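# Observations on the three-dimensional arrangement
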Amino acid sequence: MQRLNIVITGHVDHGKSTLIGRLLADTDSLPQGKLESVKKMCENNARPFEYAFLLDALADEQKQGITIDSARVFFQSKKREYIIIDAPGHIEFLKNMISGASRAEAALLLIDAKEGVAENSKRHGMLLSLLGIKQVAIVVNKMDLVNFSEIAFTKLKVEYSEYLATLGIKSDIFIPISAREGVNLIEHSASTPWYKGPTVLEILDSFKSVEEKENDDFRMPLQDVYKFTRDNDDRRIYAGTVTSGELHVNDEVIFYPSLKRSRVASIESFNTPVKNSVKESEAIGFTLQTQIYVRNGEVVARADQSAPKVSNRFEANLFWLGTKPLELDKPYKIKIGSAQSTIYLEEIKRVIDGDTLDRANEPSVGRHEAACVIFRVHDLLAMELFAENQKLGRFVIVDEYDIAGGGIITEVLEQYTTRRTKALHVSDLLVDKASTNADFEEELFALLRKHFPHQFPTDNIG
Amino acid sequence: MDHLDRLEAQSIYILREAYRSFPNLAMLWSIGKDSTVLLWLTRKAFFGHVPYPLVHIDTAFKIPEMIKYRDEIAIQWDLNLVVGQNKEALAKGETFVNGLDRLSCCKKLKSDALKYTLDGTWARRKWNPYKKVWEDELNGAPYTGVIVGVRADEEGSRSKERVFSARDEKSEWDASTQPPELWNQYKTDFAPGTHVRIHPLLEWTELNIWEYIERENIPIISLYFDQGNGKRYRSLGCFPCTAPVDSVASNPKEIIEELTSGKFKDIAERSGRAQDKDGGGTLEALRKEGYM
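Residues numbered from 1 in each chain as written. Chains lettered and ligands numbered in written order. Predicted model: local features only at pLDDT ≥ 70, side-chain atom pairs only at ≥ 80, totals over all residues. Heavy atoms only, no water.

### Here we look at the domain arrangement of chain B
All names here are of chain B. One can read the domain layout of chain B as domain 1 (1–202 + 279–287) and domain 2 (207–274). Each side of the interface is counted separately: domain 1 has 33 residues, and domain 2 has 27 residues. Considering only the side of domain 1, the residues that lose the most area to domain 2 are Leu4, Lys33 and Ile63, jointly responsible for 25% of the buried surface there. Counting across the domain 1 and domain 2 interface gives 4 salt bridges. Glu8 is the partner of Arg215 in a salt bridge, and the nearest nitrogen-oxygen pair spans 3.5 Å. Residue assignment for the side of domain 1 that touches domain 2 shows that the elements contributing at least two residues are helix H1 (3–21), helix H2 (33–45), helix H3 (64–76) and helix H5 (102–118). In terms of residue class, the side of domain 1 that touches domain 2 is made up of 16 nonpolar, 4 polar and 13 charged. (Domains from an automatic or database assignment. Contact = heavy atoms within 4.5 Å. Buried area = accessible area lost by both parts, 1.4 Å probe. Salt bridge = Lys/Arg side-chain N within 4 Å of Asp/Glu carboxyl O. Helix = DSSP H or I, 4+ residues; strand = E, 2+ residues; numbered from the N terminus. Nonpolar A, V, L, I, M, F, W, Y, C, P; charged D, E, K, R; others polar.)

Quick look at the structure:
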């Protein structure tokens, strides 16, 4: 059965956990006795039963009636299996909401009919667009609190559509519901005779799974190179996950940015028939006809196809979750594909505010803010525009030990070449040392092969 | 790609990220179906090799077949097997069968044994696949990264886990302060002294596990199948606290039928585990202190 990852976002108390709890209950997706045991727990603690208690599993969550971390909830419709990600709406837990949402292929965004569009409703809309989630339905909850009024619903729909349009998101799917009363979740309700659109379950089933596209050019970020010598294994295996396209035995491959090239000798796997080709999303490994030294993080492409872009400067849309603001000229770490490097914020073009959308000339990007910025990387990196290749066009920024921000590349800029004019940072030196060692190792092996060929009968350099 | 191919590829990616990020990496192997699938995925990720040690916590109350199966597979697959145990508690008889309550017993024989085996405080018993002998390792280096086979569908607090999940020096877990994890970029930078759990199976369900065991023909311990008396184990643990279920399923295919349309369709997997039932939120409490 196919599976789809869905995230449910929205402001705190707009009813996300209630919606999921009710969906689980109404589709018989709960384990036997779960509903009864939660109802009994409520009775024992003299509190009214809420469907959200089915979801909020942590003791603190139940005590405070708030979702703290996103949960993965498994659920099945007649059509397929879902992982529903219940993302917390409280601003304090925005990082947890984003962690959950980044795994999703589609989203439901909840808005409280009575309270209306909250700042977080806007922020969540913006973050979904930055995360690249294109399938979004807006669920207007708590319609029972506005007497199922069509006018209230339409007013909210117009207001939020206008906001989404400013983000470049087009969503014309708005569903009026009451999660607590089960209105328009599985079946159309007599409470909203004026609503002719799909129910929540119908909209879930209508979302498309993000299909692999087989005609894209081949890309594989090199995750690692393995040489396990145990049991006389002499394979030198280049391993990674294919982000797009197809690769076959005997294809000529080029590694970017080093530009080293060779041909695929074999595709390696365990407990499968011999493979002659691999395609998008597979975690693979291959050997090469000649032995070359390449480093983790390079991007492998086919010589007969387009090349990824290579640069050390790019423009990006970014959101920041760090406890400390993102500052100009401070060294951070970037992780993109399987590459890691030191990165500097060169320019803040504008800070995108959830409400007013644009603020120019800011000195830094604060926690929970989004911005359009220019980054400068210490090393040359292979990258893509997000619009052309989602997986190689997105990156995260690490501050000290934590992922503190994420972003998508909107433009690859001309290389920055006079980097030595800046004072060196310790992290620069570390990166330099690694690359010097790599070059040295390669030269050393070349010399050894030349002068001691008998030591390299199969020309394996490991 | 079908859904099992996707789950497999995602888990392999995570295992490879763990392997390149942690110099002192180990994997917990409970002998159960999930961690045995994880072991199989490891051989897939590393092309037949298992490049890190497997740690088993032997409470001395495991069902005897489990130990036999463990040692057989270790020899067959050339595994670097490390066994840890709370010898002191066992010697003093501080166990459930001697009157201790279940949760305290779990804490001593599982959580404490795990903690002090991982950090190298207690001696580790290691199978040497080259010499084919057991050796004691004293003052071993701490394992800073530990791969664990927990699944999000097992229980509420597990549904909130990160793939790369940091524990502080006391192995404690605080669900409200977990760092962000974006797309397939996981947290792989840690302050010295941090202990990290890596969870490659979070998005697998019990059903997915059995579908995969069947598809790959993974040699799983026979306790999961009808023992000839119309009973089998659905979840394995210590024998005083784990009960078999009534079932005549004798192979993965029949178990899949039970889970999809048969008698276990709506029954939670750990319903045979007594320690989950001692009051509300107890597994969360155990997990905060380092329980898996």
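### Observations regarding the sheet that holds strand S14 (residues 299–302) of chain A
Sheet strands pair by backbone hydrogen bonding; their relative direction is either parallel or antiparallel. On the basis of which strands lie adjacent, the closed barrel formed by 6 strands has the order S7-S8-S13-S11-S10-S14 (chain A) and antiparallel pairing. Each strand axis lies, on average, 50° off the axis of its neighbour in the sheet, ignoring direction. Judged from the 3 bridges that link them, strand S10 (residues 252–256) of chain A and strand S11 (residues 261–267) of chain A form a sheet pairing that is antiparallel. Across the sheet, Ile254(A) pairs through a bridge with Arg261(A), a residue of S11(A). The sheet strands contacting H1(B) are strand S7 (219–226), strand S8 (237–241) and strand S13 (283–288) of chain A, and the helix crosses S7(A) at an angle near 50°. (Pairing = 2+ DSSP bridges. Axes fitted to C-alpha atoms, helices over the stretch in contact; angles between N-to-C directions.)

### Some words on the interface of chain A and chain B
Across the boundary between the two partners, chain A contributes 78 residues, which contact 60 residues of chain B. The largest share of the area that chain A buries against chain B comes from Arg72(A), Arg230(A) and Phe270(A), three residues that together contribute 15% of it. Here chain A is connected to chain B by 4 salt bridges. Here Asp78(B) and Arg230(A) are joined by a salt bridge, their closest N and O atoms 4.0 Å apart. Across the contact surface, chain A and chain B share 21 residue pairs in polar contact (both at pLDDT 80 or more). A total of 5 residues in the side of chain A that touches chain B trace back to one element, the largest contributor, which is strand S23 (residues 402–412) of chain A. (Polar contact = N/O pair within 3.5 Å; in protein donor to acceptor, adjacent residues only side chain to side chain.)

### Remarks on unusual backbone geometry
Residues apart from glycine generally show negative phi values, whereas peptide bonds are mostly found in trans. All names here are of chain A. Across the junction of Tyr256 and Pro257, the peptide omega takes the value 10°, indicating a cis bond. Positionally, Pro257 belongs in the loop between S10 and S11. One non-glycine residue, Lys142, lies in positive phi territory at about 65°. Tracing the backbone shows Lys142 in the loop between strand S5 (135–141) and helix H6 (150–167). Judged by its relative accessible area of 22%, Lys142 is partly exposed. (Buried < 20%, exposed > 50% of the residue type's maximum accessible area, 1.4 Å probe, protein only.)

### With respect to helix H5 (residues 119–130) of chain A
All names here are of chain A. Under the 1.5 Å per step criterion, the end-to-end length of H5 is 17 Å for 12 residues, consistent within 8% with the ideal 16 Å. The element H5 is extensively covered by neighbouring structure, given that 10 of its 12 residues are classed as buried. Immediately beyond the C-terminal end of H5, within one or two residues, lies Gly132, with a positive phi of roughly 85°. (Expected span 1.5 Å × (residues − 1).)

### A few points about the pattern of salt bridges
All names here are of chain B. All chains considered together, the criterion is met by 44 salt bridges over all chains. The salt bridge partner of Glu72 is Lys68, with a shortest N-O separation of 3.5 Å. Residue Glu72 and its partner Lys68 are located together in helix H3, separated by 4 residues, close to a single helical turn. The exposure class assigned to Glu72 is partly exposed, which follows from its relative accessible area of 43%. When salt bridges with common partners are traced through the structure, they connect Asp2, Asp5, Glu8, Lys44, Arg215 and Glu216 into a single cluster.

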